[in-house]
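# Descriptive structure summary
Okay, here's what each chain looks like letter by letter:
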Amino acid sequence: LWQFIPSTGQSFGLRQNWWLDGRRDILMSTEAALDYLQKLYDMFGSWELALAAYNCGEGCVQRAIARNGLRGERMDFGSLQLPAETRAYVPKLQAVKNIVANPARFGITLGDIPNEPFFATVQLQQHIDVKVAAKLAGLSVEELLALNPAHNRTVINANKLPTLLLPLDRVNQFHDGLSSAPDAALSSLRIYSPREGEALEAIARRFGITVAALRLANDLPARARAAGGDRDLVIPPAGSSLTGRALATAPAAAAPPA
């Protein structure tokens, strides 16, 4: 949503793992972007330079400032030698801001957007399939994922991201459906939270499956012998030979290019 590369996302608390990508979470990524932009403004003392650094990187802008400083030249955005993309990026954002602030000046009519909340945050207590959540809320899967694009799998893992964004007018419907649905009907996948270093063989034996099926269902390498404590595991049905992608790949939720 805010074009975070993986490393910058991690630096601002946006987790990226098998289950989710926080860079695509609407609320978390927006908070992170605001924090990052404020950091850049504090660093450069100019919103133009902050936006330039957001586009081409802090080091790129710092080097451009240093070059101009050595030559005794001005160090504002317009005076710096920056990549062509960045030199276009900042004015384009400024242009959008100017148009939204005063559309009539530019002969443009913008649609009316009421200044009121569109969605609400719902807390989840249990895992739930994306399709089931959409049905309970009276939404299509595409509509649900448009508000919740951080989820990588067909099941929403409440251990990893226990919140769901829903249109405000669908929250009561979702709660009513959730309260009347049996837990077993909410998720088609069993999810297990292993202890740090717990042997895959012991986990497989506990659920009556093979270690190979467990590795396959969770996209684990053949050499993996133990589970990591921060990784919930999908427990495939007995006799399954499906990969994690086949078992739990959320439709319309592919990650954007980094």
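Just above, that's the structure.
These remarks concern the structure in this document. (Residues numbered from 1 in each chain as written. Predicted model: local features only at pLDDT ≥ 70, side-chain atom pairs only at ≥ 80, totals over all residues. Heavy atoms only, no water.)

### Quick word on the overall build of the chain
Helix and strand counts for the chain come out as 11 helices and 6 strands. For 258 residues, the compact-globule formula gives about 18 Å, and the C-alpha radius of gyration of the chain, at 23 Å, lies well above that figure. For the chain, the residues scored as buried account for 40% of the 258 residues in total. Of the contacts made within the chain by residues no fewer than 6 positions apart, 65% connect residues no fewer than 24 positions apart. Averaged over its 26 positive side-chain charges, the chain has a centre that lies 8 Å from the centre of its 24 negative ones. (Helix = DSSP H or I, 4+ residues; strand = E, 2+ residues; numbered from the N terminus. Rg over C-alpha atoms; globule rule 2.2 N^0.38 Å. Buried < 20%, exposed > 50% of the residue type's maximum accessible area, 1.4 Å probe, protein only. Contact = heavy atoms within 4.5 Å. Lys, Arg positive; Asp, Glu negative; His and termini not counted. Charge placed at Lys NZ, Arg CZ, Asp CG, Glu CD.)

### What about the pairing of strand S4 (residues 163-167)?
With 4 of its 5 residues buried, S4 lies for the most part within the structure. Here strand S1 (residues 119-123) pairs with S4 via 5 bridges, running antiparallel. Pairing of Ala120 across the sheet is with Leu166, part of S4. (Pairing = 2+ DSSP bridges.)

### Structural notes on the pattern of salt bridges
Across all of its chains, the model carries 8 salt bridges by this definition. In this structure, Glu73 engages Arg71 in a salt bridge whose closest nitrogen and oxygen atoms are separated by 3.4 Å. With a relative accessible area of 38%, Glu73 lands in the partly exposed category. Among the ionic pairs, Asp76 bridges to Arg74, the shortest N-O distance being 3.1 Å. On the accessibility criterion, Asp76 (28% relative accessible area) is partly exposed. (Salt bridge = Lys/Arg side-chain N within 4 Å of Asp/Glu carboxyl O.)

### Topic: the side chain of Thr86
Mapped onto the elements, Thr86 comes out in helix H5 (residues 84-101). For Thr86, a relative accessible area of 0% gives the class buried. Among all residues touching Thr86, those that are not within four sequence positions of it are Ala52, Asn55, Cys56, Phe77 and Pro91.

### Comments concerning the nonpolar core
Ile128, Leu144, Leu164, Leu166 and Phe174 are the most contacted members of the largest nonpolar core, which totals 23 residues. Counting residues per element, the ones that place at least two in this core are S1, helix H6 (130-137), helix H7 (141-147), S4 and helix H8 (171-180). Those residues within four positions of Phe174 in sequence are excluded, and the remaining contacts are Val122, Leu124, Ile128, Ala133, Leu136, Ala137, Leu164 and Leu166. Grouped together as the second largest cluster of nonpolar side chains are 21 residues, Ala32, Tyr54, Leu80 and Leu82 included. (Core = buried A, V, L, I, M, F, W, Y, C linked by side-chain atoms within 4.5 Å.)

### Digging into the packing of aromatic side chains
Within the structure shown, the criterion is met by 8 aromatic pairs. When the centroid spacing of 6.5 Å and the interplanar angle of 35° are considered together, the rings of Phe4 and Phe12 count as tilted. Relative to Tyr36, the ring of Phe12 has its centre 5.0 Å away and its plane inclined at 55°; by these criteria the two rings are tilted. Pair noted here: Phe12 is in the loop between helix H1 (6-11) and helix H2 (26-44) and Tyr36 is in helix H2, with a separation of 24 residues, a long-range link. On the basis of relative accessible area, Tyr36 is assigned to the buried category, the value being 8%. By way of ring pairs, the aromatic residues Phe4, Phe12, Tyr36 and Tyr54 are connected into one cluster. Its guanidinium or amino end placed over the ring of Trp18, Arg153 lies 3.8 Å from that ring's centre, counting from NZ or CZ. (Phe/Tyr/Trp six-rings, centres within 6.5 Å; stacked < 30°, edge-to-face > 60°. Lys NZ or Arg CZ within 6 Å of the ring centre and 35° of its normal.)

### Topic: the environment of Ile108
On the secondary structure map, Ile108 appears in the loop between H5 and S1. For Ile108, the contacting residues outside a window of four places in its chain are Ile99 and Pro103.

### Details of the layout of surface pockets
Its volume calculated, the largest pocket comes out at about 240 Å³. Sorting the residues of the lining of the largest pocket by element identifies helix H3 (47-56) and H5 as the ones contributing at least two each. Per element, the largest residue contribution to the lining of the largest pocket is 3 residues, and it comes from H3. A class-by-class count of the residues in the lining of the largest pocket yields 8 nonpolar, 4 polar and 1 charged. (1 Å grid on protein atoms, 1.4 Å probe; cavity = no way out; pocket = protein on both sides within 12 Å on 5 of 7 lines; lining within 4 Å. Points joined across faces, edges and corners; volume = space filled by probe spheres on them. Nonpolar A, V, L, I, M, F, W, Y, C, P; charged D, E, K, R; others polar.)

No statement about biological role is implied by the geometric values presented.
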